[in-house]
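Listed below, chain by chain, are the residues.
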Amino acid sequence: MRKIKKGVKGEASQYLTRSNAIRALQVNLQDFRKLCILKGIYPRHPKKKLKGNTKTYFHVKDIKILQHDQLLDKFRAIKAHLKKHKKYLGRKEVKVAENHIRKTPKYSLAPVIKDRYPTFVDALRDLDDALCLVSLFAQLPQHLTLEIKKDDLRTCERLYKDFLLYCTVSQVFTKAFFSIKGVYYRVEIMGVPVTWVQPYKFNQRLPFDIDYKVMGTFTEFYMALLKFINFKLFSDLGLPYPLEEAAFPAAGETYDVERVRALQANARKLFDEHDGADAEEEIDPAFRETPEFQQMRKRLEASKKQRNLLSNAVVLLGRETPAYILQHLILSFGGRFLLQDDLPEDEKAEAKVMKQVTHVCMDRPVPAGTQDKSKEYVQPQYIVDSINNLFLLPTKPYLPGSVSHRSLYPNLPARLTACACPSFAIR
């Protein structure tokens, strides 16, 4: 019998090392990493590693998919275009080179998103990592050496603000948690829980031991994904996207409360029409008696309770409190807020406004003799703990300057166990 060569048949023939894959695609290592990240292709771990344990392996089918992908053709066209640009610069034809670089081919990630996410729910399930990375890049400084572009940072900031606006208008926040890393949010959209962490607004220092090109490729894909998700979510609310600056209900860093509440009322009408009495009549009577239907009804009741948790509260946020965090939570749970800097200078007008305030949120001890007995003085942690437990907690343990709430409520706030962080598996 003819002897079969090693690696020709069996499981060993189904895998390629990274160097062999790059040779098959005829691209460099940087473009190969970018292709794998955009297409969602990751290294595999075969049982028998023919080339040794130190190699990175990819499946043959994944490499064949990349060979026939439009992105590969675009990458080759861009590379050829840049070679011509260098050629013109070598000839010192500066004007020709400038005109040539403006005509650089561009590629779209819309077909990639359609291939990776057949349904919208699939895209929501992969939203955790996208929000973590986009919220991080939204607060990074520009850096030319590390190729962190200003336009990308502004795009991340705008997309992230738009998503937070949708979560506030549709009132889908369910949990929040303050940690050293940042603030953790959890929302529930179309029955899919999404958890992410947003960094605090501090000056960021960029370490040089991180591959920012890989992070930039992830960010490029996640920006396209978040743009697609925002378009679908705002379209369901009957709002055009991208949002016009005049219609955006924010004045600087904080929202206009009345505009947001008007948008919430319109969104609630749409949701009530969709889940109204006519929708219940179409449900099969046999399905109404099942445990699944009873569970759905309990979730609807919990969401109604959630939307009206802070309906009777008007919170005055002090200068030292993180208003850019608390505004989403207060408005999402039916409350109102005022900023200390926005109080009128006239004493009579200020006294009239202060009559509406029920809670004063501070992060410093209350000066002696200035406390108003008709109002509750609390720390920002009080709002988060009340939201996590879906009822208003006693305010005495949360008096500014006090830490007694940690001993009285050892289980508060509930930690978010389903925390997602970006994972860069491509080496």
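Quick caveat: nothing in here was measured; it's all calculated off a predicted structure. (Residues numbered from 1 in each chain as written. Predicted model: local features only at pLDDT ≥ 70, side-chain atom pairs only at ≥ 80, totals over all residues. Heavy atoms only, no water.)

Draft legend 1. Summary view of the nonpolar core. Of all hydrophobic cores here, the largest spans 102 residues; its most connected members are F32, L127, F163, F173, W196 and L317. Top contributing element to this core by residue count: helix α10 (residues 212-236), with 12 residues. Ignoring sequence-local partners within four residues, the contact set of F32 consists of R18, A21, I22, L25, V27, F58, I63 and L66. In this structure, L316, L343, V360 and Y377 belong to the second largest nonpolar core, which totals 7 residues. (Core = buried A, V, L, I, M, F, W, Y, C linked by side-chain atoms within 4.5 Å. Buried < 20%, exposed > 50% of the residue type's maximum accessible area, 1.4 Å probe, protein only. Helix = DSSP H or I, 4+ residues; strand = E, 2+ residues; numbered from the N terminus. Contact = heavy atoms within 4.5 Å.)

Draft legend 2. Looking closely at the pairing of strand β4 (residues 183-189). For β4, the buried fraction is high: 6 of the 7 residues fall into the buried class. Here strand β3 (residues 173-178) runs beside β4; their pairing, made up of 5 bridges, is antiparallel. Residue pairing for β4: F177 is matched across the bridge by Y184. The antiparallel pairing of β3 with β4 creates a hairpin that spans 4 residues between the two strands. Pairing of β4 with strand β5 (residues 192-198), which is carried by 7 bridges, proceeds in the antiparallel orientation. Note that in β5 the partner of E188 across the bridge is P193. In textbook terms, the turn of a hairpin is the stretch between consecutive antiparallel strands, and for β4 and β5 this stretch comprises 2 residues, one of which, M190, has a positive phi near 55°. (Pairing = 2+ DSSP bridges.)

Draft legend 3. Examining the side chain of H85 more closely. Residue placement: H85 occurs in helix α4 (residues 70-90). Judged by relative accessible area, which is 18%, H85 ranks as buried. Contacts of H85, omitting those with residues within four sequence positions, involve A97, H100 and I101.

Draft legend 4. Inspection of the pattern of salt bridges at higher detail. Tallied over the entire structure, the rule returns 11 salt bridges. Close ionic contact of K39 with D69 constitutes a salt bridge, the shortest N to O distance being 2.8 Å. One end of the pair, K39, is in helix α2 (residues 29-39); the other, D69, is in the loop between α3 (60-67) and α4, with 30 residues separating them in the sequence. Of the charged contacts, one joins D62 and R44 as a salt bridge, the two residues approaching to 3.2 Å between their closest N and O atoms. Here D62 is found in helix α3, whereas its partner R44 is found in the loop between α2 and β2 (57-59), with 18 residues between them in sequence. You can call R44 partly exposed: its relative accessible area is 36%. (Salt bridge = Lys/Arg side-chain N within 4 Å of Asp/Glu carboxyl O.)

Draft legend 5. Summary view of the packing of α2 against α10. Remark: α2 packs on α10, axes separated minimally by 10 Å, with the N-to-C direction vectors making an angle of 35°. Every pair of crossing elements has a handedness; the one defined by α2 and α10 is right-handed. Each of Q30, K34, I37 and L38 in α2 lies in contact with α10, whose residues at this interface are K213, V214, T217, F218, E220 and F221. Classifying every residue of the contact of α2 with α10 by side-chain character gives 5 nonpolar, 2 polar and 3 charged. (Axes fitted to C-alpha atoms, helices over the stretch in contact; angles between N-to-C directions. Left-handed = near helix turned anticlockwise from the far one by under 90°. Nonpolar A, V, L, I, M, F, W, Y, C, P; charged D, E, K, R; others polar.)

Draft legend 6. Local environment of α3. Among the residues of α3, V60, D62, I63 and L66 are the ones counted as buried. Here the buried residues of α3 occupy an arc of 160° about the axis, which is enough to place them on one side. Buried residues along α3 sit against β1 (15-17), α1 (18-25), α2, β2 and α4. (Arc of directions from axis to C-beta.)

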